[in-house]
Amino acid sequence: MTFIEQLRAARAQNDSHLCVGLDPDPAKFPGAWRGDASKIFDFCAAIVDATHDLAIAFKPQIAYFAAQRAEDQLERLIQHIKRVAPQVPVILDAKRGDIGATAEQYAVEAFERYQADAVTLSPFMGFDSVEPYLKYEGKGAILLCRTSNKGGDDWQMQRLADVPGQPRLFEHLAHLAQTQWNKNGQLGLVVGATYPEELARVRAIAPDLPLLVPGVGAQGGDAAATVKAAGTAAPLMVNSSRAILYADNGPGFAAAARRVAQATRDALRG
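Reading the values: rules and limits
Every chain is numbered on its own, with residues counted from 1 as its sequence reads. Whole-chain, interface and lining totals are the exception, using all residues; otherwise, since this is a predicted model, local features are given only for residues with pLDDT of at least 70 and side-chain atom pairs are given and counted only at 80 or more. Only hydrogens and water are set aside when side-chain values are computed; all heavy atoms of the structure are taken into account. Here a strand is any run of E in DSSP of at least two residues, a helix any run of H or I of at least four, and the numbering for each starts at the N terminus. Throughout, radius of gyration means the C-alpha value; the globule benchmark is 2.2 Å times the number of residues raised to the power 0.38. Here's how the labels work: a residue is buried when its accessible area is under 20% of the maximum for its type, exposed when over 50%, partly exposed in between, all with a 1.4 Å probe on protein chains only. Here, residues are in contact when the closest pair of their heavy atoms is within 4.5 Å. Only the protein chains shown count as covering a residue, and every accessible area follows the Shrake-Rupley method with a 1.4 Å probe. A positive count includes Lys and Arg, and a negative count includes Asp and Glu. His and the chain ends are not counted in either. In plain terms, the charge of a residue is placed at NZ if it is Lys, CZ if Arg, CG if Asp and CD if Glu. Here an axis means a line fitted to C-alpha atoms, over the contact stretch when the element is a helix, while the angle between two N-to-C directions is reported on a 0 to 180 degree scale. Should an angle fall under 35 degrees it is taken as roughly parallel, and over 145 as roughly antiparallel, whereas 65 to 115 is taken as roughly perpendicular and any remaining angle as oblique. Crossing handedness is read from the near helix: turned anticlockwise from the far helix by less than a right angle, it gives a left-handed crossing, and turned clockwise, a right-handed one. Just so you know the grouping, Ala, Val, Leu, Ile, Met, Phe, Trp, Tyr, Cys and Pro go in nonpolar, Asp, Glu, Lys and Arg go in charged, and all remaining residues, Gly too, go in polar. Aromatic rings from Phe, Tyr and Trp, with only the six-membered ring used for Trp, were paired whenever their centres fell within 6.5 Å, and each pair was classed as stacked if the ring planes differed by under 30 degrees, edge-to-face if by over 60, and tilted otherwise. Given the number of residues in a helix, its expected span is that number minus one, multiplied by 1.5 Å. When we speak of the arc, we mean the arc of directions from the helix axis to the C-beta atoms. Strands are treated as partners if at least two bridges between them are detected by DSSP.

With that settled, the discussion passes to the overall build of the protein chain. Each helix and strand in the protein chain was counted, giving twelve helices and eight strands. For a compact globule of 270 residues, the expected C-alpha radius of gyration is about 18 Å, and the protein chain comes in at 18 Å, within 12% of that figure. A total of 270 residues make up the protein chain; the buried ones form 56% of that total. Here the contacts in the protein chain between residues at least 6 apart in sequence split such that 71% fall between residues at least 24 apart. Total accessible area computed for the protein chain in this model is approximately 11,400 Å², and 49% of it derives from carbon and sulfur atoms. Of the charged side chains in the protein chain, 28 are positive and 30 negative; the average position of the first set lies 4 Å away from that of the second.

Now the structure itself:
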């Protein structure tokens, strides 16, 4: 299946809009695992095992693995997800943003080495920073559009004087992703839950694109407002990471993660 088809299948099977973010920080691991980077796979695999029937997607953040020299554990983890939950797509959160031969190598990394189903990208350098990923048929490329960080205002909210109607940068990007950039139906957008008005605006401009929405949970985004703003006609992936991963620091951490994931899934569904 293509990435979009996987999303729709996972949504139907798990009745979910919840994306579980995998951002393993050994300093926060439970019990005897605390501080032990060799336990990254074990920790994340336990989270996956506890939540795979509640998620529309899993999103490992590559920096948390690379910083601990744990790329081999990331490879094992993605293989584990594909065994345990073959219907749930994996989004490699890498936010790559280069061009030419370098972008081609990043695409190899995401789709051949790690076997991810989609990857997050920064489109600041334009379409030629996105195009190499689209050569991988059926894979997803999810572009940063209106991010949840405060510094996003520095660029994303600026108006473009040379574009008819003078849209804001994030609006113009959403339009390009919905239209001429989306040649094979592989694109999605990242829009923060902390900006529900902009989220609704992106959905109006790009009604067909899957949206990856960080910011619910530890960052304070409201689940109900997020679903209302984004709608559910096209795939919606609302990410929660820390609130699920670190719901408990004892031996019952995986069960606690499941309880939080289920409550979040149900809040989004409701």
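Across the interface, helix 2 (residues 40–51) lies against helix 12 (residues 253–269) with an axial gap of 9 Å and an inter-helix angle of 45°. Comparing the axis directions of helix 2 and helix 12 gives the class oblique. Handedness of the helix 2/helix 12 crossing: right-handed. Each of F43, A46, I47, A50 and T51 in helix 2 lies in contact with helix 12, whose residues at this interface are F253, A254, A257, R258 and A261. Residue composition of the contact of helix 2 with helix 12, by class: eight nonpolar, one polar and one charged.

Right, let's get into the packing of aromatic side chains. For any two aromatic rings, the description comes down to two numbers: the centre-to-centre distance and the angle of the planes. For the structure on display, the rule yields eight aromatic pairs. Consider the rings of F29 and F43, whose centres lie 4.4 Å apart with planes at 20°: the pair is stacked. Separated by 14 residues along the polypeptide, F29 in the loop between strand 1 (18–22) and helix 2 and F43 in helix 2 bring together distant segments of the chain. Each of the two residues, F29 as well as F43, counts as buried. Ring geometry for F43 and Y246: centres 5.8 Å apart, planes at 15°, overall stacked.

Moving on: helix 5 (residues 100–113). Working note: α-helix, 3.6 residues per turn, so residues spaced by three or four point in the same direction. When the terminal C-alpha atoms of helix 5 are compared, their 19 Å separation across 14 residues agrees well with the 20 Å that a helix rising 1.5 Å per residue should span. Considered for burial, the residues of helix 5 that qualify are A103, A107, E109, A110 and F111. Along the axis of helix 5, the buried residues cluster in a sector spanning 160°; they form a single face. Within helix 5, the exposed residues directed more than 90 degrees away from the buried face are A101 and Q105.

Before going further, it helps to examine the pairing of strand 8 (residues 236–240). Moving residue by residue along a regular strand, the side chains alternate between the two faces of the sheet. Burial of strand 8 is extensive: five of the five residues sit out of reach of the surface. Every second residue of strand 8 is oriented toward a common face, with L236, V238 and S240 on one face and M237 and N239 on the other, all of them buried. By the bridge criterion, three bridges tie strand 1 to strand 8 in an arrangement that is parallel. If you follow C19 over to strand 8, its bridge partner there is N239. Bridging between strand 7 (residues 211–213) and strand 8 involves three bridges; their strand directions are parallel. Each bridged residue has a counterpart across the sheet, and for V213 the counterpart in strand 8 is V238.

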